[in-house]
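# Inside the fold
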Amino acid sequence: MIRDHGNLYKFCCPKDRINERVSAITQALNNEFGIPVETISLFSNLKCEDIEKFMKENDSLSIEKRYKLAVTVLFLHYIFK
């Protein structure tokens, strides 16, 4: 029997926590690994201003932009850790 667990992640990890995590990883890449926001911007096809604003206000980006940033940041974090 196949079950749909799509909403399980949403239940366990509220949106605010996910945004906080992406923001924290973005800051860690910048501060600890020395990856400039410009580099993250190039990989995610987002403006530097959007990324910097997101690190201050987690709800400042549209869901599409947050997804692009999350995929990029998690990939870079995986490579550099």
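Since the structure is predicted, the reported quantities are computational estimates derived from the model, not experimental observations.

A count of helical and extended segments in the chain gives five helices and zero strands. For the chain, the α and β elements follow one another from N to C terminus as α-α-α-α-α. Burial status across the chain gives 32% buried among its 81 residues.

Another aspect to go through is the layout of surface pockets. By volume, the largest pocket is sized at about 240 Å³. Forming the boundary of the largest pocket are eleven residues, of which I18, N19, I63, R66 and Y67 lie nearest the centre. Contributing elements (two or more residues each) for the lining of the largest pocket: α2 (15-31) and α5 (63-80). Top element by residues in the lining of the largest pocket is α5. It accounts for six residues. Here the lining of the largest pocket is composed, by residue class, of eight nonpolar, one polar and two charged.

Let's shift gears to the packing of helix α3 (residues 37-44) against helix α4 (residues 48-56). For any two helices packed against each other, one specifies the crossing angle of their axes together with the interaxial distance. Two elements in contact, α3 and α4, have axes whose closest approach is 9 Å; the angle formed by their N-to-C orientations is 110°. Compared by their axis directions, α3 and α4 come out roughly perpendicular. Of the two possible hands of crossing, α3 and α4 adopt the one that is right-handed. On the side of α3, the interface is formed by V37, E38, I40, S41 and S44, while α4 contributes C48, I51, E52 and M55. Of the residues in the contact of α3 with α4, the class split is five nonpolar, two polar and two charged.

Here the focus is the packing of aromatic side chains. For the coordinates displayed, the defined rule picks out one aromatic pair. Between F33 and F80 the ring centres are 6.0 Å apart and the planes differ by 45°, which places this aromatic pair in the tilted class. Here the residue F33 occupies a position in the loop between α2 and α3, and F80 occupies one in helix α5, the gap between them amounting to 47 residues. Among the residues examined, F33 registers a relative accessible area of 34% and is labelled partly exposed.

One rule of thumb: low pLDDT means the predicted coordinates there are not for detailed reading. When pLDDT is averaged across the chain, the result is 83; 80% of the residues are at 70 or more. Within the chain, the lowest mean pLDDT, 44, falls on helix α1 (residues 6-12), and the highest, 95, falls on α3. Under a pLDDT of 50 for its full length, residues 1-12 has, in the predicted model, one contact with residues more than four places off or in other chains.

Conventions adopted
Residues numbered from 1 in each chain as written. Predicted model: local features only at pLDDT ≥ 70, side-chain atom pairs only at ≥ 80, totals over all residues. Heavy atoms only, no water. Helix = DSSP H or I, 4+ residues; strand = E, 2+ residues; numbered from the N terminus. Buried < 20%, exposed > 50% of the residue type's maximum accessible area, 1.4 Å probe, protein only. 1 Å grid on protein atoms, 1.4 Å probe; cavity = no way out; pocket = protein on both sides within 12 Å on 5 of 7 lines; lining within 4 Å. Points joined across faces, edges and corners; volume = space filled by probe spheres on them. Nonpolar A, V, L, I, M, F, W, Y, C, P; charged D, E, K, R; others polar. Axes fitted to C-alpha atoms, helices over the stretch in contact; angles between N-to-C directions. Parallel < 35°, antiparallel > 145°, perpendicular 65-115°, else oblique. Left-handed = near helix turned anticlockwise from the far one by under 90°. Contact = heavy atoms within 4.5 Å. Phe/Tyr/Trp six-rings, centres within 6.5 Å; stacked < 30°, edge-to-face > 60°. pLDDT = per-residue confidence, 0-100.

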